[in-house]
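Summary of structural features
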Amino acid sequence: MKCPDCGSDSCQRLEVAYQGGTSSIQTKSTGVGVGWGRGGLGLGAGKSRTSGTSQTQLAAKAAPPRKRRYAPWGILLFAGFLIATSTSRDHWGWVMMGVGFMVVAVGMILLAFQFNRKEWPGMYRHWLDSWICHTCGKIFSPQSGTD
């Protein structure tokens, strides 16, 4: 595969560049300590766990398109429900604010669902067919020549 911009053959599929530069991290640590102070001898112990992802800048640039998330809007929907139903009828402003939150949340959930169902699959297929040039950094698709 040759880059359409610089002609270099140092190109790689985006999927491979992304996977090659993304790693999962999981660590466990244990520590013990002894100390002496005004209160006398002290002993302490602790454990920790860490998990996450490490990613190179190339992998971040080559990342696949993301689906839209529902969780933030689900939280807003729940908060709107709580606001609208837990206030007294004397506070219509609060009830209306809760209803407004619910309307916005439902609208955003529907938009996210539509995007994930109709637009994202095509974007993902395009990503699977795209390449990155390691010489000039251009991301391109062999079908169109550009991205």
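Preceding this section is the structure that the text describes.
Residues numbered from 1 in each chain as written. Predicted model: local features only at pLDDT ≥ 70, side-chain atom pairs only at ≥ 80, totals over all residues. Heavy atoms only, no water.

A closer look at the pattern of salt bridges
Summed over all chains, the structure comprises 1 salt bridge. Arg 13 is the partner of Glu 15 in a salt bridge, and the nearest nitrogen-oxygen pair spans 2.5 Å. Take Arg 13: its relative accessible area is 29%, and that puts it in the partly exposed class. (Salt bridge = Lys/Arg side-chain N within 4 Å of Asp/Glu carboxyl O. Buried < 20%, exposed > 50% of the residue type's maximum accessible area, 1.4 Å probe, protein only.)

What about the nonpolar core?
Counting residues in hydrophobic clusters, the biggest one holds 6 residues: Leu 14, Ala 17, Ala 62, Trp 127, Ile 132 and Ile 139. If near-sequence neighbours (up to four positions away) are discounted, Ala 17 is found in contact with Gln 12, Leu 58, Ala 59, Ala 62 and Ile 132. Cys 3, Cys 11, Trp 131 and Phe 140 belong to the second-largest nonpolar core, a separate cluster that totals 5 residues. (Core = buried A, V, L, I, M, F, W, Y, C linked by side-chain atoms within 4.5 Å. Contact = heavy atoms within 4.5 Å.)

As for the pairing of strand β2 (residues 22-37)
Where β2 meets strand β3 (residues 40-55), 16 bridges bridge the pair, whose relative direction is antiparallel. The partner of Ser 29 across the bridge, within β3, is Ser 48. Between β2 and β3, which follow one another and run antiparallel, lie 2 residues. (Pairing = 2+ DSSP bridges. Helix = DSSP H or I, 4+ residues; strand = E, 2+ residues; numbered from the N terminus.)

Considerations on the environment of Gly 20
You can see Gly 20 is positioned in helix α1 (residues 14-20). According to the relative accessible area criterion, Gly 20 is exposed, its value standing at 67%.

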